[in-house]
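# Coordinate inspection notes
Listed here are the chains, written in short residue letters.
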Amino acid sequence: MNARHSSRRDFLAACAAAAVAGAAVPFARAGAPSSKRIPLAVEEQALQRIDLIQAPTQVQVRAGLKTNVWRYVGAVRAGSVGLQTVPGSYLGPTIRARQGDLMRIRLYNQIGEESITHWHGLDVPADMDGHPEHVVAHNQTYDYEFPILNRAGTYWYHPHPDMRTGQQVLNGLAGFFIVHDDEEDQLPLPRGPQDVPLCIQDRSFDAANQFTYAFNMMAGFLGTTLLVNGRPDYVLSVATRAYRLRLLNGSNSRIYKLAFNDGTPLVVIGTDGGLIDAPREYPYVILSPGERVDLWADFRGRPVGHQATLQSLAFSGAGGAQGGLLNVMRVSVDRAEAETLALPQTLTPVRRYRLQDAVNAANPKTYPINFQMGSGFTLNGAPFNMTVVAVNERATCGTLELIQITNTTGMQVVAHPVHFHGRQFQILDRAVTAGGLANWETVRQGYVDVGWKDTFLMMPGETVRLLVRHSAYAGKFLYHCHNLVHEDMGMMRNFQLLA
Ligand code: C2O
Ligand code: CU
Ligand code: CU
């Protein structure tokens, strides 16, 4: 039994006690500061230098007392990178960069405890990825340097310290990281004010308007108030035009089944890893924590004054109180404006991987995700350990592999949003047990499995097979449940890529 194991067990006990008491989980740990820089040759115009400070502040979230939050604040030091502040929000600035840019980001940690930031969905070197072993103490900095290899898409950033990710994200630390590229620029898509990032989260408040983090271990944290871009009762004021809505589920645990209440169809144009092959209509879209979906929302046919509510529809079996009907935000058509854009018939080709091309097509890497008596939340049979990598958690850089996750075993089977760092992959197929079928039917039409993914929901009884072409970067990466309560309790593992 090493130190990591006993620390994990103490943490589980503390979490269980806190969940019962409804209090925040106490935590303190000293750490070694670290700072890294990899020199890279780059053309001057592609060099983007940003300072990103995470620090406490107060924002007006609800009427009355202000809420204490932690927020990323950014400043551009060099380059053409965009940093858009989200007005009146605890969300960090929306970073807008281009494929091929070289990002140099200096993170200043001012939150009074260890932290490190992760670039969710981006393919970056292992020591730039925000692995918890790279945490820096209060008043320390971490220097990131990585080229943007990803295609255009809606990515995001948030802290990733071991056992404190949930609390730090809950306190407000998160932001969009939007990548643009030449391929996407060719397409007639909504831009500028018609390109709207929307982060959906839930929070609970005490009588003094402060965030509370009382959770149920199985369902996780389910807040009583839905926020969009950090605001309750969010209203998106639109003109009679076409919009690109970039939806991010930045919630710690809550799963959404999104649909408009006025019958406006959900026209999906993008997933976690950017545009899909062609616009596709969905009756509703499932968005679990960490996932993104880009919609083409056309309000051209609507009269000025029209109101539509984006709702989360009821579904069942995901665990605890997940799945109730909720209003997420309102869209208000406020202005008549001319629109010339037409929905493109095709977007960008997504070349599907073929199973027979996987190096282990006949022998998938299989990782059960479950909750077990004694060991608690596990992935691949064990809870997170900072340094341990199992034999079946190693792969060679650049190879195409078949990975299979099963959510079919354990004491109590609930839904889990599964996330792999570093690479966009493709969902090959899904299967469900007979016992899981009825609940699965309440969500399955909303799985957007057609595009590039880095996070996907697994309902109880599901087995998902995915094909991933591993990164060219060697080193230790993470895969985990993006229900941050589960992640912090150990439902996370290392994955080692070998050159
Ligand atoms: Cu958005 Cu490892 O996470
Ligand atoms: Cu990630
Ligand atoms: Cu989970």
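The preceding data block contains the structure.
Values in this document were obtained by computation on a predicted structure and should not be read as measured data.

The rules we used
Residues numbered from 1 in each chain as written. Chains lettered and ligands numbered in written order. Predicted model: local features only at pLDDT ≥ 70, side-chain atom pairs only at ≥ 80, totals over all residues. Heavy atoms only, no water. Core = buried A, V, L, I, M, F, W, Y, C linked by side-chain atoms within 4.5 Å. Buried < 20%, exposed > 50% of the residue type's maximum accessible area, 1.4 Å probe, protein only. Contact = heavy atoms within 4.5 Å. Pairing = 2+ DSSP bridges. Helix = DSSP H or I, 4+ residues; strand = E, 2+ residues; numbered from the N terminus. Axes fitted to C-alpha atoms, helices over the stretch in contact; angles between N-to-C directions. Donors = N, O, S within 2.8 Å, 3.2 Å for Na, K, Ca; no water. Phe/Tyr/Trp six-rings, centres within 6.5 Å; stacked < 30°, edge-to-face > 60°. Lys NZ or Arg CZ within 6 Å of the ring centre and 35° of its normal. Salt bridge = Lys/Arg side-chain N within 4 Å of Asp/Glu carboxyl O.

## Looking at the nonpolar core
Grouped burial of nonpolar side chains is what soluble globular proteins tend to show. I369, I403, I405, F420 and F456 are the most contacted members of the largest nonpolar core, which has 48 residues in total. With near-sequence residues (within four places) excluded, I403 lies in contact with K365, Y367, F420, V464, R465, L466, V468, H470 and F495.

## Focus on the sheet that holds strand β30 (residues 462-469)
Strand order in the open sheet made by the five strands is β24-β23-β26-β30-β28, with mixed pairing throughout. Edge positions in the sheet fall to β24 (376-379) and β28 (426-432), since each has one partner strand and no second. Averaged over all adjacent pairs, the angle separating strand axes in this sheet is 15°, with direction ignored.

## Observations regarding the coordination of the copper ion (ligand 2)
Around the copper ion (ligand 2), the protein contributes the donor atoms H118 (NE2) and H419 (NE2), which lie 1.9 Å from the metal centre. Of this pair, H118 sits in strand β6 (residues 117-120) while H419 is found in strand β27 (residues 416-420), placing the two residues 301 residues apart along the sequence. You can call H118 buried: its relative accessible area is 0%. Exposure remark for H419: the relative accessible area of 0% places this residue in the buried category.

## Concerning the coordination of the copper ion (ligand 3)
Around the copper ion (ligand 3), the protein supplies H416 (ND1), C481 (SG) and H486 (ND1) as donor atoms, at distances of 2.0 to 2.1 Å. Along the chain, the residues that donate to the copper ion (ligand 3) are spaced as H-x64-C-x4-H. Looking at C481, the relative accessible area reads 0%, which means it is buried. For H486, a relative accessible area of 0% puts it in the buried group.

## Section: the packing of aromatic side chains
Taken as a whole, this structure holds 18 aromatic pairs when the rule is applied. Arranged with centres 5.6 Å apart and planes meeting at 55°, the rings of F205 and F211 form a pair that is tilted. Here the aromatic residues Y72, W119, Y142, Y144, F146, Y157 and F177 are joined through ring pairs into a cluster of three or more. For the cation-ring pair, R203 lies above F211, with the distance from its terminal atom to the ring centre recorded as 5.4 Å. Seen from the ring of Y284, K257 lies directly overhead, with NZ or CZ sitting 4.4 Å from the centre.

## Considering the pairing of strand β32 (residues 492-498)
β32 sits mainly inside the fold: five of its seven residues count as buried. Here strand β25 (residues 394-396) pairs with β32 via three bridges, running parallel. Residue pairing for β32: T396 is matched across the bridge by L498. In terms of strand pairing, strand β31 (residues 475-481) meets β32 through six bridges, oriented antiparallel. The residue of β32 that forms the bridge with L478 is N494.

## Some remarks on the sheet that holds strand β19 (residues 285-287)
The strands making up a sheet associate through hydrogen bonds between their backbones, and the pairing can be parallel or antiparallel. Reading across from one edge, β14-β22-β21-β16-β19 is the order of the five strands in this open sheet, with mixed pairing throughout. In this open sheet, the two edge strands, each paired with only one partner strand, are β14 (235-239) and β19. When strand polarity is set aside, the average angle formed by the axes of neighbouring strands in this sheet is 25°.

## What to know about the pattern of salt bridges
Evaluated as defined, the whole model comprises 32 salt bridges. One salt bridge in this structure joins D262 and R302, with 3.5 Å as the shortest N-O distance. Of this pair, D262 sits in the loop between β16 (256-260) and β17 (266-271) while R302 sits in the loop between β20 (292-298) and β21 (307-312), and the two are 40 residues apart along the sequence. Note that E441 and R444 form a salt bridge whose closest N and O atoms lie 2.8 Å from each other. The class of E441 is partly exposed, set by a relative accessible area of 38%. Judged by relative accessible area, which is 34%, R444 ranks as partly exposed. Each member of the salt-bridge network shares a partner with another, and the members are R96, E184, D195, R244, R246 and D294.

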